[in-house]
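# Coordinate inspection notes
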Amino acid sequence: MMLQFFCLQGVFMLLLTLSAHPMGAWLAPLAAGRVSGRWQRVDAMLLRMAGIRDEGMGWRQYALAVLVFNLLGALLLYALQRLQGLLPLNPQGMGAVEVGSAFNTAISFVTNTNWQGYAGESTMSYLTQMVGLAVQNFLSAATGIAVAFALMRGFTRRESADLGNFWADVLRVSVYVLLPLSIVLALVLVQQGVLQNLSGYTTYTTLAGHAQTLAMGPVASQEAIKMLGTNGGGFFNANSAHPFENPTELTNLLQMLAIFLIPAGLTHAFGRLAGDRRQGWAIYIAMSVIFIACAVAVMAAESQGNPLLTALGIDGGSGNWEGKEVRFGMAASSLFITVTTAASCGAVNAMHDSLTALGGMVPMWLMQLGEVVFGGVGSGLYGMLIFAVLAVFVAGLMVGRTPEYLGKKIEAFDMKMVALVILTTPALVLLGTAASVLLAPGLAGLANPGMHGFSEVLYAFSSAANNNGSAFAGLSANTPFYNAMLGIAMWLGRFAIIVPVLAMAGNLAAKKTLATTNGSMPTHGGLFISLLVGSVLLVGALTYLPALALGPVAEHLMIWAH
Amino acid sequence: MGALSEKIMTEKKISLPLFDPALLKPALLDSVRKLALREQLKNPVMFVVYLGSVLCSVLWVMALQGQGDAPAWLTGSIAVWLWFTVLFANFAEALAEGRSKAQAASLKGLKKATIAKKLAAPHRYGAGFTLVDASDLRKGDVVLVQHGELIPCDGEVIEGIASVDESAITGESAPVIRESGGDFSSVTGGTRVLSDWIVVCATVNPGETFIDRMIAMVEGAKRRKTPNEVALTILLLALTLVFLLVTVTLLPFSVYSVNSAGSGTVISLPVLLALLVCLIPTTIGGLLSAIGVAGMSRLMAANVIATSGRAVEAAGDVDVLLLDKTGTITFGNRQASAFIAAAGHTPVQLAEAAWLASLADDTPEGKSIVVLAQRLTRSPAVLHEGEQSGHNTLHALQQGLTPAGVSFVPFTAQSRMSGINLGSRQIRKGAADAIRRHIQQQGGSFSTVLQQQVDDIASRGSTPLVVAEGAEVLGVVELKDVVKPGIKERFAQLRQMGIKTVMVTGDNRLTAAAIAAEAGVDDFLAEATPENKLALIRDYQKRGQLVAMTGDGTNDAPALAQADVAVAMNSGTQAAREAANMVDLDSSPTKLIQVVEIGKQMLMTRGALTTFSLANDVAKYFAIIPAAFASTYPQLALLNVMGLTSPASALLSAVIFNALIIVVLIPLALKGVRYRALGAEALLRRNLLVYGLGGLLLPFAGIKLIDMLLAVLGLV
């Protein structure tokens, strides 16, 4: 089984590495804020049609645009859910979504989290799915990428106040990158058997003679951007475990690749923009190292299974099959689990709540690391660059110089912004979890008592605050309490990070770029990569070790102590 | 303290042993004094520990009354060790400050009550003066200082010339010449006029003098956090808040766990406090200010005074060093390399005269002439055979004696010549224009051929020294620049550190290129003028490089002001010293390199201790987490990888380790991480290995050791 897994992982990494390169070349000019030669006229026309004047923005202006744009998006999505009963394209006649759920879902899709407290096929009309959720899938992804572009510009521009134009960035990313990729992927998915229709649900009689309803809908078009934009919000409740969303082993592989494609491409675009591709490779390799190690850990934990069940002769020592699609098997499930939580996608092809204690801890921890291992589109890169700044700061001091990254001195203001970023998500996760396990409405949602129940809550807040969106499904989160708490966690986890990131970008862009000498710390070699990996892991471990000890670690030790 | 200051005064370098017993007692007292709330607020990390100690003490009192949630002895022990943690950090800072104060005390010796002779109008030599106290002198007052008197204030010589003993601040015993006009016109208060007189115009008000500023800097009274220190403090504060969140939320987590497991007890407040203090970066937090003070102190020990800590830090960042050729790359004192005889004289005659004129010349130039002359003529004594008396005289001179009829003429600031009177023979050597004046007075003439030779030598980058006997010129001695041995290796090291060296010289391109190649500098600026020096600095800065330079003249001031790190020679003018951000008391041109190293060392020490402090936390988790939750989830005992005796001993060991490690690291904080001239990558690898990996592993051993000790002593 491990051999099968390693082969799959090897193929996956090979395909990813091969595709990340052209993806980087595709994204780099956009990151620099321009389009290549012959597209310039088309671009000018497009911007004119959208009423956008491509003028540079300072960081405050850029941040304001991000906030206004997303706030409007959230309000619109909320209104659409509440009014869907009155609107067309609703063959099943779905009524208004409940207030708490609509609030939570609106924030969830705008923040690229796609936490789903509802079941798609029994809650959302086709119009809401297409005009509301799918559109936000595009726009939230474009927002993340735009912010990453702004940070890249911060590192590479010299003594400039200009971070580029948010509106132009969102438009270009959507039209030149997300749309074409989504169209191609959607067509391939349709070919493989993913649904794409606007029909009403079909009822038929099964072989056993029971009546069964099959949910229909425009699935493929939403499925493509769900992966490419690391959104993860499933059309159906079962998400990518549903055969109409993810029918074959090939679609499974393509979906995993689609999740990592843009985050990986962005690292290379970063290297190109920095004028030193090795800088991009270093980030890419650091991400890959953590990803591969975590995937192996999940696979190892899952194939070990549960010794208590093994002792009873139930699983025959074949590992933990609970909650896994037999169609995909243990290897493809383990890899998918790691991919979807390393990136802030949150699509699932297996039930995370059914993972072994350690197998469930790894995805949880990947989210707690801040979704920087490839991470969300854009957000993964800017999150990782924050860690790079942190690593460079401490290590830079150790080489006896004022720390610098890509020739930019890291000074007090930058550290303030880094501090805000590394403080925000732990605060949301830990305080949210603490409130939930203390208060009655929080405790009411737990499906399992004890350590596993604790893990469910911790997982939910880790997922929300880091904008992942996957869940330990055992938690009944569609309650006013969780809808509100997780909604707030998602909003702050997204924008309380984006604003300091943009502030740092603005501050960096205004600085001089220092010449690199033999005395400056190299940020492309193996040493830097290990330093970056070390910083991410150390901060993640120190922040979450006590909480994890009371959840999955205690559970694991209990099971294996018998 | 008295004995100590005396000892410092007698040493040239103002340096101290690490734990001087005379300093320990006041430092211990200070560490208690620093428990004042106002002092603690300055350091956010240690302030959290401080609050923790107060809270824990309150809990202890409550526990003694039977209201505690943990045993009273455990709460008490934790409280005591938390207080020790605060005290140890205070002690580190107090000790660093104490060492600085001791250095400052030696400077204060210069501020003896001095009586000044304040001149009345027209402020010229000969005007009447009143005796006033030096501390009453204001900027613009004019004073007369005569031989044997202390100069009462920092100022500018406006009239007269004198030799001044500045050894009190420079440690250099040879007196220096100070005269009005030119680059040697500034004087420092507290130095002593040895000969002649000068009229000095005070340039600063009392309390702002150079020495006052030095004392304030060194004592740390004016110490502000440097930019890097501020950035690091922000990071430490953020980490402290993260750990505060971690520990605060652990209480509800524990309540939930106990409720759902139905066993064990909720984690107690003293245990949470212990965990918090162990996790927050107390090691670096406690030593941070000591590192800063010690950095300034080390600079002081190298006889450099910085006007701000910012400048020291910037020194670590320098990419380009502009180095004056003379004194830095070559010996400022040039060495005789050739005798070029004037028409009608032989080189041997010239050599003999030069030898005689240099016998009493103790300068390196003079000695080098003697050496070269002896090599050229084997024994000058045999030259004048037949002149028995002359022979004897020469023989005596060779023995280092001064026979009758012989008198030496020393170099003076006015004549700018030196030489010997040997019976009727009057031999002089000196700069071309001085000798020209001399022989013209004697009725001789200075031929154009000779002038040509002098110019030739100068254009080669060498210095011509003309030798004359009576009214006749014998020839010219060429004094050549000699590149200092070892300087090439030094530059190679700097190159490896990523620092570029640029030689600055007034020489023409050809000469400069030859010396630059010999010395192995990366680049050179020939025919340097203040303007092109300034342009060069701006050029480097535009390319994103930080430039350091040394200077002394008034015309260096613009370049010094432009440079990122500017070291002025103490012997330099007031203008140069004002423009610079450091002053080198030794006026040594190579000091710049040392300053860069001290700057780097200070940053490295901070980085290393931060890394160490963070890496420590891993082991502390393994000690405290199983201990804290053993009653709720007994299976977590498996995480007790150190095999600590009991939950209580695990807790105490971690807290004790956390406090003691501060004391253990005080020497490192004060002395600084050892600096090596390596490239950034090699340096980082080394420091990561020592302080990162070391910081990860050491506490496992340390905590285990303390646990075993506690168990053996039967304390837990």
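Residues numbered from 1 in each chain as written. Chains lettered and ligands numbered in written order. Predicted model: local features only at pLDDT ≥ 70, side-chain atom pairs only at ≥ 80, totals over all residues. Heavy atoms only, no water.

## Overview of the overall build of chain A
- Assigned secondary structure in chain A consists of 19 helices and 4 strands.
- In summary, chain A has a C-alpha radius of gyration of 23 Å against a globular reference of 24 Å for 562 residues, a match within 12%.
- With respect to the three principal axes, the spread of C-alpha positions in chain A is 75 × 60 × 45 Å.
- Per-residue burial for chain A yields a buried fraction of 64% across its 562 residues.
- Once local pairs closer than 6 in sequence are excluded, the contacts in chain A between residues at least 24 apart make up 79%.
- Each charge class in chain A can be summarised by its mean position, and for the 24 positive and 23 negative side chains these summaries are 16 Å apart. (Helix = DSSP H or I, 4+ residues; strand = E, 2+ residues; numbered from the N terminus. Rg over C-alpha atoms; globule rule 2.2 N^0.38 Å. Buried < 20%, exposed > 50% of the residue type's maximum accessible area, 1.4 Å probe, protein only. Contact = heavy atoms within 4.5 Å. Lys, Arg positive; Asp, Glu negative; His and termini not counted. Charge placed at Lys NZ, Arg CZ, Asp CG, Glu CD.)

## A word on the interface of chain B and chain A
- The interface of chain B with chain A comprises 61 residues on the first partner and 60 residues on the second.
- Taking both partners together, chain B and chain A bury about 5100 Å²; carbon and sulfur atoms supply 77% of that area.
- Three residues, Phe-253, Tyr-256 and Leu-684 of chain B, lead the burial of chain B against chain A; their summed loss comes to 14% of the area buried on that side.
- The residue Lys-409 of chain A makes a salt bridge to Asp-317 of chain B at a minimum N-O spacing of 3.4 Å.
- Our count for the contact surface shared by chain B and chain A stands at 12 residue pairs in polar contact (both at pLDDT 80 or more). (Buried area = accessible area lost by both parts, 1.4 Å probe. Salt bridge = Lys/Arg side-chain N within 4 Å of Asp/Glu carboxyl O. Polar contact = N/O pair within 3.5 Å; in protein donor to acceptor, adjacent residues only side chain to side chain.)

## Some details on a nonpolar patch on the surface
All names here are of chain B.
- Taken together, the side chains of Trp-73, Leu-709, Val-712, Leu-713, Leu-715 and Val-716 present a nonpolar region at the surface, about 620 Å² in accessible area.
- Mapped onto the secondary structure, Leu-713 falls in the segment after helix H25 (680–712).
- Of the residues examined, Leu-713 reaches a relative accessible area of 58% and is grouped as exposed. (Patch = residues over 30% accessible without salt bridge, like charges linked within 9 Å, V, L, I, M, F, W, Y side chains within 5 Å. Areas by Shrake-Rupley, 256 points an atom, 1.4 Å probe, with all protein chains shown as cover.)

## Thoughts on the sheet that holds strand S11 (residues 406–409) of chain B
Residues and elements named next belong to chain B.
- Across the sheet, which stays open at both edges, the 6 strands sit in the order S10-S15-S14-S13-S12-S11 with antiparallel pairing between neighbours. The open sheet terminates on both sides in strands that have one partner only, identified here as strand S10 (335–341) and S11. Mean inter-strand twist for the sheet, computed between neighbouring axes without regard to direction, equals 20°.
- Examined bridge by bridge, S11 and strand S12 (residues 417–422) share 4 bridges and lie antiparallel to one another. If you follow Val-406 over to S12, its bridge partner there is Leu-422. (Pairing = 2+ DSSP bridges. Axes fitted to C-alpha atoms, helices over the stretch in contact; angles between N-to-C directions.)

## Quick look at the confidence of the model for chain B
All names here are of chain B.
- On average, residues of chain B score 83 in pLDDT, and 90% of them are at 70 or above.
- Taken as a whole, residues 1–14 scores under 50 in pLDDT and shows 22 contacts with residues more than four places along the chain or in a different chain.
- A low-confidence stretch, residues 380–386 (pLDDT under 50), is modelled with 12 contacts involving residues beyond four sequence positions or located in other chains.
- Interface confidence for the predicted complex, expressed as ipTM, amounts to 0.93; the pTM equals 0.84. (pLDDT = per-residue confidence, 0-100.)

## Considering the packing of aromatic side chains
Residues and elements named next belong to chain A.
- The full count for this structure, using the stated rule, is 29 aromatic pairs over all chains.
- The interplanar angle of 70° and the centroid separation of 5.6 Å between the aromatic rings of Phe-69 and Phe-166 together place this pair among those described as edge-to-face. Of this pair, Phe-69 sits in helix H3 (residues 59–83) while Phe-166 sits in helix H7 (residues 166–192); the two residues are 97 residues apart in sequence, bridging distant segments of the chain. When sorted by exposure, Phe-69 lands in the same class as Phe-166, which is buried.
- The interplanar angle of 85° and the centroid separation of 5.0 Å between the aromatic rings of Phe-481 and Tyr-482 together place this pair among those described as edge-to-face. For the pair Phe-481 and Tyr-482, a shared accessibility class is recorded, and that class is buried.
- Cluster of aromatic residues (ring-pair linked, three or more members): Phe-12, Phe-260, Trp-281, Tyr-284, Phe-291 and Phe-374. (Phe/Tyr/Trp six-rings, centres within 6.5 Å; stacked < 30°, edge-to-face > 60°.)

## Re unusual backbone geometry
- One non-glycine residue, Asn-114 of chain A, lies in positive phi territory at about 60°.
- Within the secondary structure, Asn-114 of chain A is located in the loop between helix H4 (99–110) and helix H5 (120–123).
- Even without glycine at this site, Asn-303 of chain B takes up a positive phi of about 65°.
- If you trace the backbone, Asn-303 of chain B turns up in the loop between helix H10 (282–301) and strand S8 (304–306).
- Residue Asn-303 of chain B is classed as buried on the basis of its relative accessible area, which comes to 1%.

## Quick word on helix H4 (residues 44–64) of chain B
Residues and elements named next belong to chain B.
- Its 21 residues place the ends of H4 30 Å apart at the C-alpha level, agreeing with the 30 Å of an ideal helix rising 1.5 Å per residue.
- Here H4 has its buried residues at Val-45, Met-46, Phe-47, Val-48, Val-49, Tyr-50, Gly-52, Ser-53, Cys-56, Ser-57, Leu-59 and Ala-63.
- At the exit of H4 stands Gly-66, carrying a positive phi of roughly 80°. (Expected span 1.5 Å × (residues − 1).)

## What about the sheet that holds strand S17 (residues 523–525) of chain B?
Residue and element names in this part refer to chain B.
- Taken in spatial order, the 7 strands of this open sheet run S8-S20-S19-S18-S9-S16-S17, and their pairing is mixed. Strands at the two margins of the open sheet, each flanked by one partner only, are S8 and S17. Across this sheet, the average inter-strand angle for adjacent strands is 20°, counted without regard to direction.
- The sheet strands contacting helix H23 (residues 591–629) are S8, strand S9 (320–324), strand S18 (547–551), strand S19 (565–569) and strand S20 (582–584), and the helix crosses S9 at an angle near 155°.

## Overview of the environment of Lys-408 of chain A
Residue and element names in this part refer to chain A.
- Inspection of the secondary structure assignment puts Lys-408 in strand S4 (residues 408–409).
- Separated by 245 residues in sequence, Lys-408 and Leu-163 have C-alpha atoms that sit 15 Å apart.
- Ignoring anything within four residues of it in the chain, the contact list for Lys-408 reads Gly-154, Phe-155, Arg-157, Arg-158, Glu-159, Pro-403, Leu-508, Ala-509, Lys-511, Lys-512 and Thr-513.
- Reaching out from Lys-408, the side chain makes a polar contact with the backbone oxygen of Lys-511 at a distance of 2.9 Å.
- Within the structure, Lys-408 has its side chain in polar contact with the side chain of Thr-513 (distance 3.5 Å).

## Quick notes on helix H14 (residues 379–398) of chain A
- Here H14 of chain A is 20 residues long and its end C-alpha atoms lie 29 Å apart, about the 28 Å a rise of 1.5 Å per residue gives.
- Taking burial as the measure, the 20 residues of H14 of chain A include 20 buried ones, the bulk of the element.

## With respect to the side chain of Thr-501 of chain B
- Its location among the elements puts Thr-501 of chain B in strand S16 (residues 500–504).
- Contacts of Thr-501 of chain B, omitting those with residues within four sequence positions, involve Leu-321, Leu-323, Phe-491, Leu-494, Val-521, Asp-522 and Asp-523 of chain B.

## Quick notes on the pattern of salt bridges
All names here are of chain B.
- Taken as a whole and judged by the stated rule, the model has 33 salt bridges over all chains.
- Of the charged contacts in the structure, one is a salt bridge between Lys-42 and Glu-39, with a shortest N-O distance of 3.5 Å.
- Judged by its relative accessible area of 53%, Lys-42 is exposed.
- Glu-39 sits in the partly exposed class, given a relative accessible area of 22%.
- Glu-313 is the partner of Arg-606 in a salt bridge, and the nearest nitrogen-oxygen pair spans 3.0 Å. You can see Arg-606 sitting in helix H23 and its partner Glu-313 sitting in helix H11 (residues 309–317), a full 293 residues away along the chain. The exposure classification of Arg-606 matches that of Glu-313, with both residues buried.
- Linked through salt bridges whose partners overlap, the residues forming this network are Lys-34, Glu-39, Lys-42, Glu-93 and Glu-97.

## Digging into the environment of Ser-254 of chain B
- With respect to the helices and strands, Ser-254 of chain B occurs in helix H8 (residues 227–261).
- On the basis of relative accessibility, which here comes to 0%, the residue Ser-254 of chain B falls in the buried class.
- Between the C-alpha atoms of Ser-254 of chain B and Thr-265 of chain B, which are 11 residues apart in sequence, the distance is 8.3 Å.
- Here Ser-254 of chain B is in contact with Leu-550 of chain A together with Thr-265, Val-266, Ile-267 and Phe-629 of chain B, once residues within four sequence places are set aside.
- Reaching out from Ser-254 of chain B, the side chain makes a polar contact with the backbone nitrogen of Ile-267 of chain B at a distance of 3.0 Å.

## Some remarks on the packing of H3 of chain A against H4 of chain A
Residue and element names in this part refer to chain A.
- H4 packs onto H3 with a crossing angle of 140° between their chain directions and a minimal axis gap of 8 Å. Accordingly, the angle class assigned to the pair H3 and H4 is oblique. The chirality of how H3 crosses H4 is right-handed. Of the residues in H4, those in contact with Asn-70, Gly-73, Ala-74, Leu-77, Tyr-78, Gln-81 and Arg-82 of H3 are Val-99, Ser-101, Ala-102, Phe-103, Thr-105, Ala-106, Phe-109 and Val-110. (Parallel < 35°, antiparallel > 145°, perpendicular 65-115°, else oblique. Left-handed = near helix turned anticlockwise from the far one by under 90°.)

## Re the environment of Ala-65 of chain A
Residue and element names in this part refer to chain A.
- With respect to the element layout, Ala-65 can be found in helix H3.
- Since its relative accessible area comes to 5%, Ala-65 is described here as buried.
- In the structure, Ala-65 is positioned 101 residues away from Phe-166 in sequence and 6.7 Å away in space, judged by C-alpha atoms.

## Observations regarding the packing of helix H19 (residues 526–561) of chain A against H8 of chain B
- Close contact between H19 of chain A and H8 of chain B brings their axes to 9 Å; oriented N to C, the two are set at 5°. Comparing the axis directions of H19 of chain A and H8 of chain B gives the class roughly parallel. Facing Leu-542, Thr-543, Pro-546, Ala-547 and Leu-550 of chain A of H19 of chain A, the residues of H8 of chain B in contact are Val-242, Phe-243, Val-246, Leu-250, Phe-253, Ser-254 and Ser-257 of chain B.
- Among the residues forming the contact of H19 of chain A with H8 of chain B, the class breakdown is 9 nonpolar, 3 polar and no charged. (Nonpolar A, V, L, I, M, F, W, Y, C, P; charged D, E, K, R; others polar.)

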